[in-house]
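# Remarks on the overall topology
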Protein chains: 4
Amino acid sequence: MKTAILLLHCPDKLGIIAEMTKFITDNNGNIVYLDQYVDTVDKMFFMRIEWELENFLIPQDKIAEYFKTLYSIRYDVEFDLYFSDRKPRMAIFVSKMSHCLYDLLARYESGELNVDIPCIVSNHEDMRYVADQFGIPYYVWSINKDHSNKAEVEAAEIGLLEREKVDFIVLARYMQIISDGMIEKYPNRIINIHHSFLPAFVGAKPYHQAYQRGVKIVGATSHYVTADLDAGPIIEQDVVRITHKDTPDTLAQKGSDLEKIVLSRAVKKHVEHKVLTFNNKTIIFS
Amino acid sequence: MKTAILLLHCPDKLGIIAEMTKFITDNNGNIVYLDQYVDTVDKMFFMRIEWELENFLIPQDKIAEYFKTLYSIRYDVEFDLYFSDRKPRMAIFVSKMSHCLYDLLARYESGELNVDIPCIVSNHEDMRYVADQFGIPYYVWSINKDHSNKAEVEAAEIGLLEREKVDFIVLARYMQIISDGMIEKYPNRIINIHHSFLPAFVGAKPYHQAYQRGVKIVGATSHYVTADLDAGPIIEQDVVRITHKDTPDTLAQKGSDLEKIVLSRAVKKHVEHKVLTFNNKTIIFS
Amino acid sequence: MKTAILLLHCPDKLGIIAEMTKFITDNNGNIVYLDQYVDTVDKMFFMRIEWELENFLIPQDKIAEYFKTLYSIRYDVEFDLYFSDRKPRMAIFVSKMSHCLYDLLARYESGELNVDIPCIVSNHEDMRYVADQFGIPYYVWSINKDHSNKAEVEAAEIGLLEREKVDFIVLARYMQIISDGMIEKYPNRIINIHHSFLPAFVGAKPYHQAYQRGVKIVGATSHYVTADLDAGPIIEQDVVRITHKDTPDTLAQKGSDLEKIVLSRAVKKHVEHKVLTFNNKTIIFS
Amino acid sequence: MKTAILLLHCPDKLGIIAEMTKFITDNNGNIVYLDQYVDTVDKMFFMRIEWELENFLIPQDKIAEYFKTLYSIRYDVEFDLYFSDRKPRMAIFVSKMSHCLYDLLARYESGELNVDIPCIVSNHEDMRYVADQFGIPYYVWSINKDHSNKAEVEAAEIGLLEREKVDFIVLARYMQIISDGMIEKYPNRIINIHHSFLPAFVGAKPYHQAYQRGVKIVGATSHYVTADLDAGPIIEQDVVRITHKDTPDTLAQKGSDLEKIVLSRAVKKHVEHKVLTFNNKTIIFS
């Protein structure tokens, strides 16, 4: 059954939930999902509402316009509208490690991850065999050690992403920093996996940092990429217990299982339009 | 059955475990616990060994001397020796919150925590009623806002600790920084609970910091106090999952359960002589 | 600020959430909490809604009647209504172990658990000293080995509970089976803690059962008591990782921390009126 | 560096650890791993010891014989001896689901899982495309609904396993019960993943059972297959928190991540020769 999904937030006020659902029910929409949350500190109202389009009185291509006219200005609403029959197009960026890549592709191949994957992008040839196994085009642009060609490489990458109408990008252990220009083109649409429990161990070699500090638990964090390194809105985190017996190598092994699971959970939430960002934080609908 | 417990570390070498156990078995000691660990990065050997004193050929008060003479210099061993019939004497420092204090005292009262508690020390009167419920002397020294009397207060506290032959101190949400001088008197013998997953959110108001950063998991960390704030050897950590719905207040509530469990686990490990420190990290024997 | 809390469920239908909130907003109530859930398998709608009573047009003592008249029959709603200024009265039943009892009383004493505790009931004298520490009346009725006086004892207990206007009962490791007659008097109002991850290890000595089976994780389960042993609606569960080194004794130690935390979480959810039961399962509002 | 790995158990006695290590050190072996455990209930001693073969005085092909002669009878030792340069040969059995299969193959392809995989066996064609992606021979033998050809199918499978010199079998969500005859040929060498926290929800459709019971946590269990269904020695378990909002479908989705991680952890422990079984339980070395 084809559905529309509305993700919105606005200043909280008396009766706002009834107002917002009225748009759907008055126009004969059958609500199949509703979750809302009031941020009592910032006095903001957040909602995800999904309804069946069959019998809905407003034509699909007019829904956004009608909602904007009738509600958006009146209640100071910001919203995004999605349709269940539009598959998001996802690009994957990788460097040399296969665990996150395999995990995403296995979920894609089995139909668990409802996306199209028009391209895999890398700065190394190493993962081409994995892309080949799944029949997905693999593009390599090497970035020089001195980063002298970085602007050029990113321009080529953006060219590809635009040609392929990519909706969002997953950095599946892509070991390069994305420049601000590219981030601005995909706000809250670049998902990274960082191999630590952020904000602990920002930056390079977090497993070595964790080993050095002697922590008893390590984690992984998936977040939207912003201009501040490893400081974007966190989508998902998880942890695993370790002991004094672990070395940076065994931490990397244990952590790699976390990384792929945490990244995939975040990607699924994004694909299901269950993530709202506000004030550099996320609201995750269930 | 009365036992001796030897905690030791030394440079690793071929056959070291056989050598170290020889001291016990050659002298007719029945080993009831042995756990060892080799740090392959630093090439160090760590061991905890416990044996029954009945029938052991070396008199209890000579064991340390004999072990030192026969092994300590030869193998460059550092060691501590404990006896199961000597109850550690523990002081608790608190400020205004009761959850960690109650948890420790309930375990003490039920016999789960095998210590004597000669005193509870505070900078406020608030927790006196809890100390009274358990019949434990409660001492209050207020520290001025400008810390002008801090040296004086700590001198008084140290006087008390020495009179009461206190072996180690537990900071059960004691909201004061301990001065270096006092720390040096109790190296690896002051156990703190910090209400975050260190090294994330060092310092003041970690739940507010966690809320601000939008993490999906919060933690608690118990560590030995060193001169660097919140940077001493970590004994135990644990975490709990949170959501965007949590506020600093609900984080503090959820976190308080973590704090008391994590602190009590750390205190128990310390009391059972199962913690070894090396290079600002801990080896925790099972 | 004084609030009313409405917990309800009814068959799901189009626009039900708008209908149910209308009762509050039309009568000038300021909603401070709303959470709802639709069981798509059983086609049922569940809601918890809380609003400030100040300015609410319907007098407090008429709210239930009005809601019943206006909604209950029309939408086939079952509901409970609570007021935030009415402290639930909780009885605790214990046998010989103190950890859950101390945990509940410490939370009560610190104000974290918003209840009155008019009595602690036991079949043994052992825990009287704890009740005395907190100044709560302690009643002992011994049940004979052959249970010949069980009916008599329960009659006496029910007499006490009724005199004390007890709202709900917490079995804090009370090692007796409650008879059906007593359960019927307190439907979904007797909270038990079972020291296993139910439905694994029902009945006696679950830690011995867990040891025997060689599981790698043990758990604790808090549930409402029903006529079927250990089979009532589950409110909360949690687990802890163990190893082959654990014995029934160390399992009991590790498990006791779980038990008290899981039980306290369940009691808090119950006290906050955030638990709805349906089809022998619970809906837990956040 | 080539190593030998000795896994042994014997009745515990004074000085047993020194005796067992003597065999290695007396013959000039450099121990790189030693972990031992004493079961104080059953009075049994368990050890895993690994040493470098370079400079070891006993020739590789005589080690088992020498250890048997010198220790096995004298101390009533049962042992297995492995060499690090001998890659275990693993067969995978699957039915129709890809998640565990992909996870194992991705680890194999990246070199994380140090095995050879000569064959994948199934009762359905569905997973052939995955086997093809990784270039591994895929064999299908359908079992009739009435199981009339089961003996015949298993005979063919055993023929394949013997021709391919398979050391152990992984049931990666293989939805058939293995007959006792086949189990006896591979004692403690068939690893299954069951999609529940055993012993809860034995048998068919555990996610439906979990949904029905209303548990707040679901799990996955990897164990060696024995003649008793889902009752063999448990190697690894893990769990994930769920809520009343989960349906059997979402449980299956959340559980599938657990299944693959738990199964892979168990397979890795087995491949690293870190699992000892005794009394239908496992000792897992770190």
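Attention here is on the structure that accompanies the text.

The rules behind each value
- Residues numbered from 1 in each chain as written.
- Chains lettered and ligands numbered in written order.
- Predicted model: local features only at pLDDT ≥ 70, side-chain atom pairs only at ≥ 80, totals over all residues.
- Heavy atoms only, no water.
- Helix = DSSP H or I, 4+ residues; strand = E, 2+ residues; numbered from the N terminus.
- Rg over C-alpha atoms; globule rule 2.2 N^0.38 Å.
- Contact = heavy atoms within 4.5 Å.
- Areas by Shrake-Rupley, 256 points an atom, 1.4 Å probe, with all protein chains shown as cover.
- Lys, Arg positive; Asp, Glu negative; His and termini not counted.
- Charge placed at Lys NZ, Arg CZ, Asp CG, Glu CD.
- Buried area = accessible area lost by both parts, 1.4 Å probe.
- Salt bridge = Lys/Arg side-chain N within 4 Å of Asp/Glu carboxyl O.
- Polar contact = N/O pair within 3.5 Å; in protein donor to acceptor, adjacent residues only side chain to side chain.
- Nonpolar A, V, L, I, M, F, W, Y, C, P; charged D, E, K, R; others polar.
- Least-squares fit on C-alpha atoms with pLDDT ≥ 70 in both.
- Buried < 20%, exposed > 50% of the residue type's maximum accessible area, 1.4 Å probe, protein only.
- Pairing = 2+ DSSP bridges.
- Right-handed = clockwise from strand over helix to strand, strands pointing away.
- Axes fitted to C-alpha atoms, helices over the stretch in contact; angles between N-to-C directions.
- Arc of directions from axis to C-beta.
- Left-handed = near helix turned anticlockwise from the far one by under 90°.
- Parallel < 35°, antiparallel > 145°, perpendicular 65-115°, else oblique.

Okay, the overall build of chain A next. Broken down by element type, chain A carries eight helices and 13 strands. Here the C-alpha atoms of chain A give a radius of gyration of 21 Å, agreeing with the 19 Å that 2.2 N^0.38 yields for 286 residues. Taken along the three principal axes of its C-alpha coordinates, chain A extends 60 × 40 × 35 Å. Summarising the internal contacts of chain A: among those between residues at least 6 apart in sequence, 66% fall at separations of at least 24. Accessible surface, chain A as shown: approximately 11600 Å² in total, 50% of it carbon and sulfur. Side-chain charges in chain A split into 33 positive and 40 negative, and the spacing between the mean points of these groups amounts to 4 Å.

Before going further, it helps to spend a moment on the interface of chain D and chain C. For interface size, the figure often reported is the accessible area lost on association. Taken residue by residue, the interface counts 34 residues in chain D and 34 residues in chain C. Approximately 3000 Å² of surface area, both sides summed, lies buried where chain D meets chain C, with 55% of it carried by carbon and sulfur atoms. Sorting the residues of chain D by area buried against chain C places R213, K216 and H244 of chain D first, and these three jointly supply 23% of that buried surface. Counting across the interface, chain D meets chain C through four salt bridges. Put simply, D238 of chain C and R241 of chain D hold a salt bridge, and the shortest N to O gap is 3.4 Å. Connecting chain D to chain C are 22 residue pairs in polar contact (both at pLDDT 80 or more). Of all the secondary-structure elements, those providing two or more residues to the side of chain D that touches chain C are β2 (30-39), α7 (206-213), β11 (234-241) and β13 (281-284) of chain D. Among the elements that make up the side of chain D that touches chain C, the one with the highest residue count is β11 of chain D (seven residues).

This brings us to the interface of chain B and chain C. Contacts between the two partners involve 18 residues from chain B and, on the opposite side, 18 residues from chain C. Buried area between chain B and chain C, summed over both chains or domains, comes out near 1600 Å², and the portion from carbon and sulfur atoms is 45%. Considering only the side of chain B, the residues that lose the most area to chain C are Y102, Q133 and D257 of chain B, jointly responsible for 27% of the buried surface there. The tally of links from chain B across to chain C stands at five salt bridges. Between R107 of chain B and D257 of chain C there is a salt bridge, with its nearest N and O atoms 2.8 Å apart. The interface formed by chain B and chain C holds seven residue pairs in polar contact (both at pLDDT 80 or more) in total. Of all the elements in the fold, those that place two or more residues in the side of chain B that touches chain C are α3 (99-109), α4 (128-133) and α8 (248-271) of chain B. Residues belonging to the side of chain B that touches chain C are distributed by class as follows: five nonpolar, five polar and eight charged.

Let's shift gears to the relation of the copies chain D and chain C. Expressed as a screw transformation, the operator carrying chain D onto chain C has a rotation angle of 180 degrees and an axial translation of 0.0 Å, and the superposed copies differ by an RMSD of 0.0 Å. The transformation just described matches what one would write down for a two-fold rotation axis. Considering only C-alpha atoms, the part of chain D nearest the rotation axis is A200 of chain D, at 2.3 Å.

Residues and elements named next belong to chain A. Taking burial as the measure, the five residues of strand β9 (residues 190-194) include five buried ones, the bulk of the element. Burial along β9 is two-sided: I190, N192 and H194 facing one way and I191 and I193 facing the other are all buried. Bridging between strand β8 (residues 168-171) and β9 involves three bridges; their strand directions are parallel. Each bridged residue has a counterpart across the sheet, and for I169 the counterpart in β9 is I190. In this region the chain leaves β8, passes through helix α6 (residues 180-185) and returns to the parallel neighbour β9; the handedness of that crossover is right-handed.

A word on the sheet that holds strand β9 (residues 190-194) of chain B. Residue and element names in this part refer to chain B. One open sheet accounts for seven strands, arranged β7-β6-β5-β8-β9-β10-β11; its pairing is mixed. Where the open sheet ends on each side, the last strands, each with one partner, are β7 (138-140) and β11 (234-241). The sheet shows a mean angle of 20 degrees between the axes of neighbouring strands, direction not considered. Where strand β5 (residues 89-94) lies against strand β8 (residues 168-171), four bridges are found, and the strand directions are parallel. Opposite I92, over in β8, you have V170 as the bridge partner.

It is worth spelling out the environment of R189 of chain A at this point. All names here are of chain A. Within the secondary structure layout, R189 lies in the loop between α6 and β9. Overall, R189 belongs to the partly exposed group, its relative accessible area being 30%. With 13 residues separating them along the chain, R189 and V202 place their C-alpha atoms 21 Å apart. Beyond its immediate stretch of four places on either side in the chain, R189 contacts D167, F168, I169, Y224 and H270.

Our focus in this paragraph is helix α2 (residues 63-72) of chain C. Residues and elements named next belong to chain C. Taken together, the buried positions of α2 are I63, F67, Y71 and S72. Looking straight down α2, one finds that the buried residues subtend no more than 100 degrees of arc, so they occupy a single side. Next to the buried residues of α2 lie β1 (3-11), α1 (16-25), β3 (44-52) and β4 (78-83).

A separate point is the packing of α1 of chain C against α2 of chain C. All names here are of chain C. Orientation of α1 relative to α2, taken along the N-to-C sense of each, is 145 degrees, at an axis distance of 12 Å. Considering how the two elements wind past one another, α1 and α2 form a crossing that is right-handed. Contact residues: α1 offers E19, M20, K22 and F23, while α2 offers I63, Y66, F67, L70 and Y71.

Right, let's talk about the environment of K165 of chain A for a bit. Along the chain, K165 of chain A turns up in the loop between α5 (150-163) and β8. It is 9.5 Å that separates the C-alpha atoms of K165 of chain A and P88 of chain A, two residues lying 77 residues apart in sequence.

Residues and elements named next belong to chain A. The interhelical angle for the contact between helix α7 (residues 206-213) and helix α8 (residues 248-271), taken along N-to-C directions, is 125 degrees, at an axis separation of 9 Å. Taken together, α7 and α8 sit at an angle that is classed as oblique. Pair α7 / α8 crosses with right-handed handedness. Side by side, α7 and α8 meet where Y207, H208, A210 and Y211 of the first sit next to P248, L251, A252, G255, S256 and E259 of the second.

Quick look at the sheet that holds β1 of chain C now. Residues and elements named next belong to chain C. The four strands are arranged β2-β3-β1-β4 in an open sheet whose pairing can be described as antiparallel. Both outer strands of the open sheet, β2 (30-39) and β4, are each paired with one neighbouring strand and no more. Strand after strand, the sheet turns through a mean of 10 degrees between neighbouring axes, direction not considered. As paired strands, β1 and β3 are joined by nine bridges and run antiparallel to one another. Looking across to β3, one finds that A4 is bridged to W51. Sheet strands in contact with α2 are β1, β3 and β4, and its direction is about 155 degrees off that of β4.

Quick look at unusual backbone geometry now. Residue P199 of chain C is reached from L198 of chain C by a cis peptide bond, and omega for that bond is 10 degrees. Tracing the backbone shows P199 of chain C in the loop between β9 (190-194) and α7 (206-213). The phi dihedral of K205 of chain B is positive, around 50 degrees, even though this residue is not glycine. By the secondary structure assignment, K205 of chain B is in the loop between β9 and α7 (206-213). When its relative accessible area of 56% is taken as the criterion, K205 of chain B is described as exposed. In the Ramachandran plot, N55 of chain C falls in the positive-phi region, its phi being about 75 degrees despite a non-glycine side chain.

A few words on the pattern of salt bridges. Inspection of every chain in the model, using the stated rule, returns 82 salt bridges over all chains. Taking the shortest distance from any N to any O, the salt bridge between E259 of chain A and R173 of chain A comes out at 2.7 Å. Pair noted here: E259 of chain A is in helix α8 and R173 of chain A is in the loop between β8 and α6, with a separation of 86 residues, a long-range link. When sorted by exposure, E259 of chain A lands in the same class as R173 of chain A, which is buried. Between E50 of chain C and R48 of chain C there is a salt bridge, with its nearest N and O atoms 3.1 Å apart. Note on R48 of chain C: relative accessible area 2%, which makes it buried. Ionic contacts of the salt-bridge type, sharing partners, join the residues D103, R107, E112 and K268 of chain A together with D257 and K260 of chain D into one network.

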